[in-house]
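Take a look at the letters that make up each chain.
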Amino acid sequence: MPAGAWVDRWDRRRILIAAEVVRCLALAALAAAVLTGRVALWQIVAVAVVTGAADSFFGPARAAAIRGVVAPGQLPEAYAQEEARGHAAALAGPPLGGFLFGLGRALPFAVDALSYLVSLVCVVRARVPRRPAGAAERRESGMRADVMEAAGWLWRHRGLRAGLAFALVANLVANALLLPVIVMVEARGGDAAATGVVLAGLGLGGLLGATLSARIGRLLPPGRLMPAVVGFFALAVCATALPFGPYWPVVPLFLAMVAAPALNVVLRVLLARLVPDAMTGRVVSVFTVATMGLTPVGPLLGGLLAQYVGGAGALVAVGGLLAACCVVASISPALRGLHVPAAAATGSAPSAVPVLAELGREPVGER
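Basis of the calculations
Residues numbered from 1 in each chain as written. Predicted model: local features only at pLDDT ≥ 70, side-chain atom pairs only at ≥ 80, totals over all residues. Heavy atoms only, no water. Axes fitted to C-alpha atoms, helices over the stretch in contact; angles between N-to-C directions. Helix = DSSP H or I, 4+ residues; strand = E, 2+ residues; numbered from the N terminus. Parallel < 35°, antiparallel > 145°, perpendicular 65-115°, else oblique. Left-handed = near helix turned anticlockwise from the far one by under 90°. Contact = heavy atoms within 4.5 Å. Nonpolar A, V, L, I, M, F, W, Y, C, P; charged D, E, K, R; others polar. Patch = residues over 30% accessible without salt bridge, like charges linked within 9 Å, V, L, I, M, F, W, Y side chains within 5 Å. Areas by Shrake-Rupley, 256 points an atom, 1.4 Å probe, with all protein chains shown as cover. Salt bridge = Lys/Arg side-chain N within 4 Å of Asp/Glu carboxyl O. Expected span 1.5 Å × (residues − 1). Buried < 20%, exposed > 50% of the residue type's maximum accessible area, 1.4 Å probe, protein only. Phe/Tyr/Trp six-rings, centres within 6.5 Å; stacked < 30°, edge-to-face > 60°. pLDDT = per-residue confidence, 0-100.

A. Summary view of the packing of helix α9 (residues 178–187) against helix α10 (residues 192–217). Close contact between α9 and α10 brings their axes to 9 Å; oriented N to C, the two are set at 140°. With respect to their mutual orientation, α9 and α10 come out oblique. Crossing geometry of α9 relative to α10 is assigned as right-handed. On α10, the residues touching L178, V181, I182 and V185 of α9 are A194, T195, V198 and L199. When its residues are assigned to classes, the contact of α9 with α10 shows 7 nonpolar, 1 polar and no charged.

Below, the structure is given as structure tokens:
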């Protein structure tokens with residue numbers, strides 16, 4: 001959250017550049033240490049901490065940059081492209097890393113450093129808006145006051161609170177799936193190849209869903225799309241437990257991930273069009289902390305359930321919990337009232353004044 005406050009105070013273009021320089025140098029140093037055979041565990045941990053800290057700055061600054069570069073009417077397509085790129089990278093990254101590691105232990109880290117260098121060049125060439133309005137005045141206020149201002153802005157809207165609570169539980173449950181799926185596939189006689197095929201279904205479904213996300217997102221307003229998509233995901237998770245062999249889970253998991261990216265795209269558009277530009281960094285940071293707060297508990301929950309009730313039983317329990325949350329969310333008036341406001345005709349980013357007027361008329365929410 002402090003990073004988000006600094007993003008709203010400092011030059012956002014310089015933040016993006018600095019983050020990429022730090023990550024590039026950190027990975028290059030790790031590659032050099034591995035290449036010379038002098039790498040230690042503490043160095044790997046230090047690089048992970050440094051790159052993670054840089055990412056906490058890069059994420060909010062990038063979110064602010066996208067809304068400053070892309071016209072409001074093109075935001076759905078832009079975020080759909082973002083989803084597609086993210087899923088493609090997540091799908092290709094692990095096997096690429098394994099292949100590079102087989103060629104040389106230092107090679108994956110050197111290529112990773114090179115990727116940040118490419119990103120740095122792209123950021124330098126992009127016309128990223130620098131400082132939001134009122135940045136100079138915020139430098140005189142305290143960090144805590146800046147963060148509390150964004151948190152209070154979110155708290156005053158019932159739809160946002162409902163969306164945060166729903167996303168908190170949904171992220172917890174979604175991150176509890178991996179271990180039960182692996183346990184179930186192995187219990188049904190599947191080998192490592194079967195497990196890989198099943199997990200690849202998640203990535204392929206997400207990639208296909210990302211290409212369709214803009215179209216799917218236009219079918220329903222966000223407040224109705226959230227429980228619909230998550231409810232479909234819950235049913236698909238329960239369907240993985242059907243006794244159809246070790247390869248069966250790839251079918252429901254693939255279908256579940258086709259719908260999931262649409263929710264991300266719609267909610268990013270909602271956030272970009274409603275949040276004042278001067279508060280984007282802080283709001284993005286607060287949302288990230290709030291919605292991902294219980295995510296690390298997910299694997300622990302999935303592992304415990306798989307140990308005591310088996311992989312299939314754990315997936316049914318996880319899917320049932322997610323379905324129950326959808327039922328509660330679907331009867332929330334604040335959540336049902338969420339909608340994406342129309343894009344401004346001028347093609348520029350929305351200012352704080354019309355945003356606050358829009359929020360005053362109807363509660364809104366964001367995952």
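We are not done yet, so read on.
B. Layout of a nonpolar patch on the surface. Taken together, the side chains of L294, V297, L300, L304, Y308 and V309 define a hydrophobic patch exposed on the protein surface, amounting to about 580 Å² of accessible area. Inspection of the secondary structure puts V309 in helix α14 (residues 297–330).

C. Geometry of helix α8 (residues 158–174). The end-to-end C-alpha distance of α8, which contains 17 residues, comes to 24 Å, matching closely the 24 Å that a straight helix rising 1.5 Å per residue would cover. For α8, the set of buried residues is G159, L160, A162, G163, L164, F166, A167, A170, N171, L172 and V173.

D. Structural view of the packing of aromatic side chains. Following the criterion strictly, the structure yields 3 aromatic pairs and no others. Between W6 and F57, the ring centres sit 5.7 Å apart and the planes meet at 10°, which makes this aromatic pair stacked. Taken together, the residues W6 in helix α1 (residues 2–7) and F57 in helix α3 (residues 41–69) connect sequence positions 51 residues apart. Classification of W6 as partly exposed rests on a relative accessible area of 29%. Relative to W248, the ring of F244 lies with its centre 5.2 Å away and its plane at 80°, an arrangement referred to as edge-to-face. W248 gets classed as partly exposed once you look at its relative accessible area, which sits at 22%.

E. Inspection of the packing of α8 against α14 at higher detail. Close contact between α8 and α14 brings their axes to 8 Å; oriented N to C, the two are set at 150°. In terms of orientation, α8 lies roughly antiparallel with respect to α14. The handedness of the crossing between α8 and α14 is left-handed. Contacts from F166, V169, A170, L172 and V173 in α8 reach V297, G298, V318, L321, L322, C325, C326 and A329 in α14. Its residues assigned to classes, the contact of α8 with α14 comprises 12 nonpolar, 1 polar and no charged.

F. Broad picture of the confidence of the model for the protein. In the predicted model, the protein carries a mean pLDDT of 80, and 88% of its residues have values of at least 70. When the criterion is pLDDT under 50, residues 344–367 qualifies, and its contacts beyond four places in sequence or with other chains add up to 57 contacts.

G. Just the pattern of salt bridges, in detail. For the structure shown, the criterion picks out 9 salt bridges. Note that R62 is salt-bridged to E82, the shortest N-O span being 2.1 Å. Here R62 is found in helix α3, whereas its partner E82 is found in helix α4 (residues 75–103), with 20 residues between them in sequence. The exposure class assigned to E82 is buried, which follows from its relative accessible area of 17%. The network of salt bridges with common partners includes D8, R12, E149 and R282.

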